[in-house]
Amino acid sequence: DVPDLRPWQPRSRGEEQLAGLLYGGLMRLDPQLRPVPDLASAWETTPDGRTITFTLRSGLAWHDGDALDAADVLFTLERLRGLPLTSTALLADLRYIEAATAPTSDTVVL
């Protein structure tokens, strides 16, 4: 039973697994715990490692069929960054992002 699903703050491994089935991220981990594409088809990191540019897959859509683009990724990121800081690793790590932009509809830069 999952009384209140909060994908940004799972309270159990079961909730974490359920959120993983329902929600995609820019990347995910493969069985060997290596990052692989998910919503992003590719990413590039600057030589100093401070900036990551994600290219979104083409044809992404919300459950209602509306297109999902870089503006949606930024909106979601900003909503997560606005939540109260907790011990959740996801929320705690978001404070390291200095800026997020969407220079094109299929590109997100962190």
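In the block above lies the structure referred to throughout.
Residues numbered from 1 in each chain as written. Predicted model: local features only at pLDDT ≥ 70, side-chain atom pairs only at ≥ 80, totals over all residues. Heavy atoms only, no water.

Q: Got a minute to help me understand the overall build of the protein chain in this structure?
A: Scanning the protein chain from terminus to terminus reveals three helices and six strands. Each helix (α) and strand (β) of the protein chain, taken in turn from the N terminus, gives the series α-β-β-β-β-α-α-β-β. Seen through its C-alpha atoms, the protein chain measures out along the principal axes to roughly 40 × 35 × 30 Å. The buried share of the protein chain, taken over its 110 residues, is 23%. Residue pairs in contact within the protein chain that sit at least 24 positions apart in sequence constitute 31% of those at least 6 positions apart. Accessible surface computed for the protein chain: about 7800 Å², of which carbon and sulfur atoms make up 55%. Measuring between centres, the 10 positive side-chain charges of the protein chain sit 6 Å from its 16 negative side-chain charges. (Helix = DSSP H or I, 4+ residues; strand = E, 2+ residues; numbered from the N terminus. Buried < 20%, exposed > 50% of the residue type's maximum accessible area, 1.4 Å probe, protein only. Contact = heavy atoms within 4.5 Å. Areas by Shrake-Rupley, 256 points an atom, 1.4 Å probe, with all protein chains shown as cover. Lys, Arg positive; Asp, Glu negative; His and termini not counted. Charge placed at Lys NZ, Arg CZ, Asp CG, Glu CD.)

Q: Looking at this structure, how should I read the sheet that holds strand E3 (residues 40–45)?
A: The strands making up a sheet associate through hydrogen bonds between their backbones, and the pairing can be parallel or antiparallel. As summarised here, the arrangement of the four strands in space is E3-E4-E6-E5, forming an open sheet in which the pairing is antiparallel. The open sheet terminates on both sides in strands that have one partner only, identified here as E3 and strand E5 (101–104). With direction set aside, neighbouring strand axes in the sheet form an average angle of 25°. Both strand E4 (residues 52–56) and strand E6 (residues 107–109) contribute to a ladder of three bridges, which runs antiparallel. Its bridge partner lying in E6, Thr-53 is registered against Val-109. Contacts between helix H2 (residues 70–81) and the sheet are confined to E4, E5 and E6, with E5 contributing the most and set at about 180° to the helix. (Pairing = 2+ DSSP bridges. Axes fitted to C-alpha atoms, helices over the stretch in contact; angles between N-to-C directions.)

Q: Help me out: how do you make sense of the pattern of salt bridges in this one?
A: One side chain can pair with another of opposite charge once the charged atoms of both are near each other. Applying the stated criterion to the full structure yields three salt bridges. The partner of Arg-50 in a salt bridge is Glu-98, with the nearest N and O atoms 2.8 Å apart. Pair noted here: Arg-50 is in the loop between E3 and E4 and Glu-98 is in the loop between helix H3 (89–93) and E5, with a separation of 48 residues, a long-range link. Arg-81 is paired through a salt bridge with Glu-78; the nearest N and O atoms lie 4.0 Å apart. Pair noted here: Arg-81 and Glu-78 are both in helix H2, with a separation of three residues, about one helical turn. According to the relative accessible area criterion, Arg-81 is partly exposed, its value standing at 30%. The exposure class of Glu-78 is partly exposed, given its relative accessible area of 42%. (Salt bridge = Lys/Arg side-chain N within 4 Å of Asp/Glu carboxyl O.)

Q: Is there a simple way to explain the side chain of Glu-15 in this structure?
A: Position of Glu-15 among the secondary structure elements: in helix H1 (residues 13–22). For Glu-15, a relative accessible area of 6% gives the class buried. In this structure Glu-15 touches Val-2, Pro-3, Asp-4, Leu-5, Gln-9 and Pro-10, once residues within four positions along its chain are discounted.

Q: Would you mind showing me how to read the nonpolar core here?
A: Nonpolar side chains in soluble globular proteins tend to end up buried together. One finds Leu-26, Leu-39, Ala-40, Phe-54, Leu-56, Leu-60, Leu-68, Ala-70, Val-73, Leu-74 and Val-108 forming the largest nonpolar core, which totals eleven residues. Those elements that provide at least two residues to this core are E4 and H2. Considering every element that reaches this core, the biggest residue donor is H2, with three residues. Residues contacting Phe-54, with those up to four places away along its chain left out, are Leu-26, Met-27, Ala-40, Ala-42, Trp-43, Asp-106, Thr-107, Val-108 and Leu-110. (Core = buried A, V, L, I, M, F, W, Y, C linked by side-chain atoms within 4.5 Å.)

Take it as geometry only, folks, not as evidence of what the structure does.
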